[in-house]
Amino acid sequence: MRVTIENLDAHRGGRRIVTDVSIAVPSGTVLGLLGPNGSGKSTLLRAVSGIDAPSAGTVRYDETPMTALTRRQLAQRVAVMAQEHSEEFEIPVLELVLLGRIPHGRGFGRDSESDIALACDALARVGAGHLVNRSFSALSGGERQRVLFARALAQDTPVLVLDEPTNHLDIAHQLELLDLIRASDRTVLIALHDLNLAARSCDAIGVLHDGHLVAHGTPEHILDTDLIRSVFRVESTVVSHPDTRQPHFLFDSRSPQPAGRAQVHPLDSVQEGTTTR
Ligand SMILES: Nc1ncnc2c1ncn2[C@@H]1O[C@H](COP(=O)(O)OP(=O)(O)OP(=O)(O)O)[C@@H](O)[C@H]1O
């Protein structure tokens, strides 16, 4: 399913946070959103997934505007893994993952055997099968992230919106989660902070700076030392991975350059179905 964002503005706390963002995510591709703290990544993802209504602009799932979908129809299209979550309550892991099946259910009846099998399969895929009978509130940060990702997978939607899903994960679990995302064949919008993981795992990168989309394209095309300096104010050296040729950044120091919004790359588009890996 293709996700198209057109001229989107989003406000939070009475302030415009995201300004005039247009970006298309072709079906089955992974768009990584990068940007400094406070640049608007979460705000954009919340607007795209319908958690907060955009203040201007349109989001389409294939040809259908988000505004034409009921909550249930939207939840059948997009599963969200938010950055902050309030699931501190004592709920067994299996029940939490089964919440992902609600958009597909007929009401508040008993969970079907196939729903339970799907939930268990999702937990197994994220390496959390052994946690099935534990209480969510008693899990570590990384275990919680994996269970929440399992819930998103169990929702079985064509689109995943993931806000820093690798938080708290050790490097092996970060790679595992990103590889699962790649293998899922879904359309994915994912906010990440690790530029090297983003370059490795995303078909396209969108860079937000001060709420504006300042670069969009394949990692190889847009990620370079000028962009890193302009947007993140960090001096870096880029090397090419000896096997994959993907850009890999070595970070040197904070840049003395004063802050100012980058406008470093003309936006280019990523065609449906094309990947660079
Ligand atoms: N509920 C809110 N009320 C007021 N301002 C908010 C609210 N949520 C976010 N903001 C502000 O909006 C701006 C963008 O926040 P957002 O969380 O979208 O950034 P981000 O790029 O996801 O940041 P990070 O990398 O730190 O997670 C920040 O200045 C933040 O303080």
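Computed from a prediction, not measured in an experiment: that's the story for all the values here.

A closer look at the site of the ligand
In the vicinity of the ligand, the contacting residues are Arg12, Gly13, Ile17, Gly35, Asn37, Gly38, Ser39, Gly40, Lys41, Ser42, Thr43 and Gln83. Considering every element that reaches the shell around the ligand, the biggest residue donor is helix α1 (residues 41-48), with three residues.

As for the confidence of the model for the protein
Per-residue pLDDT for the protein has a mean of 88; in total, 89% of the residues score no lower than 70. Under a pLDDT of 50 for its full length, residues 268-277 has, in the predicted model, 22 contacts with residues more than four places off or in other chains. Across the interface, the model reports ipTM at 0.97; the global pTM reads 0.89.

Notes on the nonpolar core
Within the largest apolar cluster, 73 residues are counted, with the highest numbers of intra-cluster contacts made by Val97, Ala150 and Leu189. At seven residues, the largest contribution of residues to this core is made by helix α5 (residues 141-154). Ala150 has contacts with Val97, Ala122, Leu123, Val126 and Ala128, leaving out every residue within four places of it along the chain.

Focus: the sheet that holds strand β4 (residues 56-61)
Note on sheets: strands pair through backbone hydrogen bonds, and any given pair is parallel or antiparallel. Ordered by their spatial adjacency, four strands build an open sheet running β2-β1-β4-β5, and the pairing between neighbours is antiparallel. Lying at the two open borders of the sheet, with one neighbouring strand each, are β2 (15-25) and β5 (64-65). Inspection of the sheet shows β4 paired to β5 by two bridges, in the antiparallel sense. By the bridge assignment for β5, Tyr61 is matched with Thr64.

Looking at helix α4 (residues 113-125)
Taking 1.5 Å of rise per residue, the 13 residues of α4 would be expected to cover 18 Å, and the 18 Å separating its terminal C-alpha atoms lies within 8% of that figure. Listed as buried for α4 are Leu118, Ala119, Ala122 and Leu123. Each buried residue of α4 sits inside an arc of 135° when the element is viewed along its axis, so together they form one side. In this structure, α4 carries Glu113, Ser114 and Ala117 as exposed residues pointing more than 90 degrees from its buried face. Phi turns positive, to about 70°, at Gly127, one or two residues after α4.

Overview of the pairing of strand β1 (residues 3-12)
Remember that side chains alternate between the two faces of the sheet whenever the strand is regular. The sheet contact formed by β1 and β2 spans seven bridges and is antiparallel. Of the residues in β2, the one forming a bridge with Val3 is Val25. Joining the antiparallel neighbours β1 and β2 is a turn of two residues, in which Gly13 adopts a positive phi near 55°. As paired elements, β1 and β4 share five bridges and run antiparallel to each other. Across the sheet, residue Glu6 finds its bridge partner in β4, namely Thr58.

Quick look at the sheet that holds strand β8 (residues 187-191)
Taken in spatial order, the six strands line up as β6-β7-β8-β3-β9-β10 in an open sheet, and their pairing is mixed. Among the strands making up the open sheet, the edge pair consists of β6 (78-81) and β10 (212-217). The sheet shows a mean angle of 15° between the axes of neighbouring strands, taken without regard to direction. In terms of strand pairing, strand β7 (residues 159-163) meets β8 through five bridges, oriented parallel. Following the sheet pairing, Asp163 is matched in β8 by Ala191.

What about the environment of His193?
Mapped onto the elements, His193 comes out in the loop between β8 and α7 (195-201). Exposure remark for His193: the 15 C-beta atoms within 10 Å place this residue in the partly exposed category. Taking the C-alpha atoms as reference points, His193 and Leu34, 159 residues apart in sequence, are found 6.3 Å from one another.

What counts as what
Residues numbered from 1 in each chain as written. Predicted model: local features only at pLDDT ≥ 70, side-chain atom pairs only at ≥ 80, totals over all residues. Near = placed C-beta within 6 Å. Helix = DSSP H or I, 4+ residues; strand = E, 2+ residues; numbered from the N terminus. pLDDT = per-residue confidence, 0-100. Contact = placed C-beta atoms within 7 Å. Core = buried A, V, L, I, M, F, W, Y, C linked by C-beta atoms within 7 Å. Buried ≥ 20, exposed ≤ 12 C-beta atoms within 10 Å, placed from the backbone. Pairing = 2+ DSSP bridges. Expected span 1.5 Å × (residues − 1). Arc of directions from axis to C-beta. Axes fitted to C-alpha atoms, helices over the stretch in contact; angles between N-to-C directions.

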